[in-house]
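# Coordinates in review
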Amino acid sequence: MTNEVPYRIKSIAEYHELRGYTKPEHPLISLVRIEEAKYMIDKSLVLDFYSISNKRGLSGKLKYGQQEYGFNDGAMFFIAPNQVFKVEHNSTDETADQPTGWMLLIHPDFLWNTSLSKNIKQYEFFGYTVKEALWLLEKEEKTIDSIIQNILQEYYSNIDKFSKQIIISQIESLLTYADRFYNRQFITTEKANHLMLERLEKLLNNYFKDDNLITKGLPTVQYIAQELNISPNYLSSTLRVLTGQNTQQHIHDKLIETAKQKLTNTNSSISEIAYELGFEHLQSFSKLFKAKTALSPLEFRHSFN
């Protein structure tokens, strides 16, 4: 986040007023349609209440703590009280976006004296530590929308002694399903990431085996990302999470691995090896090799003799 001082919204009624919604039916809980908002809030916010939303068709990104989430294709977001967030739009023209979806606002006081008052803290997706929004499959979205309709129906019904518990039970169901869907997403993402790592390893191996490396030069991050059919930023961000290294560091590691093989298995000079690996200058190769191994190429070769 920037050094911008976040604006605190203390009540659900205040949030309604800022976004141009009608007055909420209940001071401690509200369910609104995203498309009915009249105004955007282009600043960092801190809410005194929970926010659960499903947004579609809104081009931009959500900054939550230090994380950024794109949501052009729709996603669920879970924001806890006292957490800093900001929605950044790609366009300053409010008519450029035609967002749809819903937002459920829940004040902690509404949960008072219910099982959810304590249990809501067990859902980790409300915290900064979760680094991705919840992307719903079509059948999952239907399940969530069904629960939202139940809450909506109760929200606009005449309030009686059963209303609160009925709404609480629906919120509990929504959070339980969200927990299940997040688990599915993490498993799916993990498999996809491991497949991406395998493809990256194969791609780099083949690249450095190519006899034409002298004219091709070292592979760039842009080239690797293009071959894997993903964006350079996404590739580096994913690699950092999985391995602690970005794409450039992976390229250098594969380069050093190849250089070690040539230094130990061939009689080529250091200059020839540097040239074969796509370096125009021997000093550049020697500097990178020593930075990675704490030895010069010649010292490394001598250590095997």
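Owing to the predicted nature of the structure, the values given are computational and were not obtained by experimental measurement.

### Brief notes about the overall build of the protein chain
- Tallying secondary structure elements over the protein chain gives 11 helices and nine strands in all.
- Burial statistics for the protein chain: of 305 residues in total, 43% are counted as buried.
- A separation of at least 24 residues holds for 70% of the contacts in the protein chain among residues at least 6 apart in sequence.
- Summed over all atoms, the accessible surface of the protein chain reaches about 17300 Å², with 49% contributed by carbon and sulfur.

### Points about the packing of helix H4 (residues 163–209) against helix H8 (residues 247–265)
- Interhelical geometry of H4 versus H8 gives an angle of 45° and a closest axis separation of 10 Å. Taken together, the axis directions place H4 and H8 in an arrangement best described as oblique. As H4 runs across H8, the sense of the crossing is right-handed. Together, Leu200, Glu201, Leu204, Asn205 and Phe208 of H4 and His250, Ile251, Lys254, Leu255 and Thr258 of H8 make up the contact between the two elements.
- Along the lines of polarity and charge, the residues of the contact of H4 with H8 split into five nonpolar, three polar and two charged.

### Topic: the nonpolar core
- Ile52, Phe78, Phe126, Leu174 and Leu175 are the most contacted members of the largest nonpolar core, which totals 32 residues.
- Looking at this core, the elements that each hand over two or more residues are strand S2 (29–33), strand S4 (50–56), strand S7 (75–79), strand S9 (100–106), helix H3 (138–155) and H4.
- In terms of residue count, H4 provides more of this core than any other element does, eight residues in total.
- Discounting chain neighbours no more than four positions away, the residues touching Ile52 are Met76, Phe77, Phe78, Trp102, Met103, Leu104, Ile106, Phe126, Leu174 and Leu175.

### A word on the pairing of S2
- For S2, the tally of buried residues reaches four of five residues, placing the bulk of the element in the interior.
- Pairing between S2 and S9: five bridges, direction antiparallel. Bridge pairing links Val32 to Met103 in S9.

### Details of the pairing of S4
- Counting buried positions along S4 gives six out of seven residues, so the element sits mostly inside the fold.
- The pairing of S4 with S9 spans seven bridges and is classified as antiparallel. When the bridges of S9 are listed, Tyr50 appears paired with Ile106.
- Pairing analysis gives five bridges linking S4 to S7, with the strands arranged antiparallel. Its bridge partner lying in S7, Asn54 is registered against Met76.

### Topic: the side chain of Lys55
- Tracing the chain through its elements places Lys55 in strand S4.
- Of the side chains with opposite charge, Glu35 comes closest to the buried, unpaired Lys55, at an N-O distance of 11 Å.
- A distance of 2.9 Å separates the side chain of Lys55 from the side chain of Ser53, its partner in a polar contact.

### As for the pattern of salt bridges
- Tallied over the full model, the rule gives eight salt bridges.
- For the salt bridge of Asp48 with Arg8, the shortest nitrogen-to-oxygen distance reads 2.4 Å. Of the two residues, Asp48 sits in the loop between strand S3 (45–47) and S4 while Arg8 sits in strand S1 (residues 7–9), which places them 40 residues apart along the sequence.
- A relative accessible area of 37% places Arg8 in the partly exposed class.

### Describing the environment of Arg19
- Structurally, Arg19 is set in helix H1 (residues 12–19).
- We classify Arg19 as buried; its relative accessible area is 15%.
- With 21 residues separating them along the chain, Arg19 and Met40 place their C-alpha atoms 6.3 Å apart.
- Excluding residues that lie within four positions of it along the chain, Arg19 makes contacts with Ala37, Lys38, Tyr39, Met40 and Ile41.
- Side chain to side chain, Arg19 and Tyr15 meet in a polar contact 3.0 Å long.

### Notes on the sheet that holds S2
- If you trace the four strands from one edge of the open sheet to the other, you get S2-S9-S4-S7, paired in antiparallel fashion. Each end of this open sheet is capped by a strand with a single partner; those strands are S2 and S7. The mean angle between the axes of side-by-side strands here comes to 10°, regardless of whether they run parallel or antiparallel.
- In the packing of H3 onto the sheet, the strands contacted are S2, S4, S7 and S9, and the crossing angle to S2 comes to about 120°.

What counts as what
Residues numbered from 1 in each chain as written. Predicted model: local features only at pLDDT ≥ 70, side-chain atom pairs only at ≥ 80, totals over all residues. Heavy atoms only, no water. Helix = DSSP H or I, 4+ residues; strand = E, 2+ residues; numbered from the N terminus. Buried < 20%, exposed > 50% of the residue type's maximum accessible area, 1.4 Å probe, protein only. Contact = heavy atoms within 4.5 Å. Areas by Shrake-Rupley, 256 points an atom, 1.4 Å probe, with all protein chains shown as cover. Axes fitted to C-alpha atoms, helices over the stretch in contact; angles between N-to-C directions. Parallel < 35°, antiparallel > 145°, perpendicular 65-115°, else oblique. Left-handed = near helix turned anticlockwise from the far one by under 90°. Nonpolar A, V, L, I, M, F, W, Y, C, P; charged D, E, K, R; others polar. Core = buried A, V, L, I, M, F, W, Y, C linked by side-chain atoms within 4.5 Å. Pairing = 2+ DSSP bridges. Lys, Arg positive; Asp, Glu negative; His and termini not counted. Salt bridge = Lys/Arg side-chain N within 4 Å of Asp/Glu carboxyl O. Polar contact = N/O pair within 3.5 Å; in protein donor to acceptor, adjacent residues only side chain to side chain.

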